[in-house]
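Coordinate analysis (summary)
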Amino acid sequence: MRLATWNVNSIRTRIDRVVAFLEREDIDVLAMQEIKCKPEQFPRDALEAAGYELAVHGLDQWNGVAIASRVGLSHVTTSFPGQPTWAKSPDATPVVEARALGASVGAPGQQVLLWSLYVPNGRELDHPHYRYKLSWLQALHHATQQWLSQDPSQALALAGDWNVAPLDEDVWDMEAFDGATHVSAPEREAFTAFARLGLSEVTRPHASGYTFWDYQKLRFPRDEGMRIDFVQASPALAARVTGASIDRFERKGKGASDHAPVIVTLE
DNA sequence: ATGGCGTTATTTTAACGA
């Protein structure tokens, strides 16, 4: 099974590139983030014509996550238990944003419980959004602990845009990130905490390089990027991983997302 | 020193992104 995760930065703008990517790379399951639309606005036809079933979760033009699968799609879950809320302003009603979508994918006997995750950005270290980001990761950690305690042998994948660069080598220049989000110790701790639940990040052993390059300042031509898109897998799933890659090609040319797809091959 | 790009919406500016 070939599984990928990709922050597409608007599915309506990116649909042609997404379909071409799925066919070119022979992808069975794709977890998407930042679809930036509601389910009724999602361009389903092109993906369904290519043979994929869809699960879509979007509330408005912000965030939004989806899963496309041509190897089965069931047990779709919107948001994880205990997922924190966010209020756009102090007097706004807090909402559970469209940042998490779970589903069971894969043929019977080799099913994977896949989560497509879009971790909050954090904005600035002293911004409420940063505290939201840390609570969000902590709540995901707690939910994961619960899932694994129910069935330690399950094949679980937490795939998506984690908005954390876990290692210094995951950004092009640590000095440029002095005092910035994505590299702070609490964020890195929140990311690595999943290892203590037995999960492992399954792309780094097979693939190197960045997964995001800002549109501005010639960041991509200069290869000044960040590695923030990851797949954390339970022991049962990690044991099935035979390879992984970052599709840097997909960041090239006109109409690219600012993120590249990350691909994992499973037995 | 600043902003530089791209996307969205009850668009003609603002919010968001990392």
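Residues numbered from 1 in each chain as written. Chains lettered and ligands numbered in written order. Predicted model: local features only at pLDDT ≥ 70, side-chain atom pairs only at ≥ 80, totals over all residues.

With that settled, the discussion passes to the overall build of chain A. Across its full length, chain A carries 5 helices and 12 strands. Relative to its length of 267 residues, chain A is compact, with a C-alpha radius of gyration of 17 Å against a globular reference of 18 Å. Along the longest, intermediate and shortest principal axes, the C-alpha atoms of chain A span 45 × 45 × 40 Å. In chain A, which comprises 267 residues, the share counted as buried stands at 43%. Within chain A, residue pairs in contact and separated by at least 24 positions form 69% of the contacts whose partners lie at least 6 positions apart. (Helix = DSSP H or I, 4+ residues; strand = E, 2+ residues; numbered from the N terminus. Rg over C-alpha atoms; globule rule 2.2 N^0.38 Å. Buried ≥ 20, exposed ≤ 12 C-beta atoms within 10 Å, placed from the backbone. Contact = placed C-beta atoms within 7 Å.)

A few words on unusual backbone geometry. In this model, Asn-9 sits at a positive phi of 50°, which is unusual for a non-glycine residue. Tracing the chain through its elements places Asn-9 in the loop between strand 1 (2-7) and helix 1 (11-24).

Turning to the protein's contact with DNA strand B, a few remarks are in order. Taken together, 21 residues form the shell around DNA strand B, and within it Ser-10, Gln-61, Asn-121, Tyr-215 and Gln-216 come nearest. Broken down by class, the residue content of the surface near DNA strand B amounts to 5 nonpolar, 10 polar and 6 charged. (Near = placed C-beta within 6 Å. Nonpolar A, V, L, I, M, F, W, Y, C, P; charged D, E, K, R; others polar.)

Burial analysis of strand 10 (residues 229-233) places 5 of its 5 residues in the buried class, the great majority of the element. By the alternation rule, side chains of strand 10 split into Asp-229, Val-231 and Ala-233 and Phe-230 and Gln-232, which are all buried. Note that strand 8 (residues 156-161) and strand 10 share 5 bridges and pair antiparallel. The partner of Asp-161 across the bridge, within strand 10, is Asp-229. (Pairing = 2+ DSSP bridges.)

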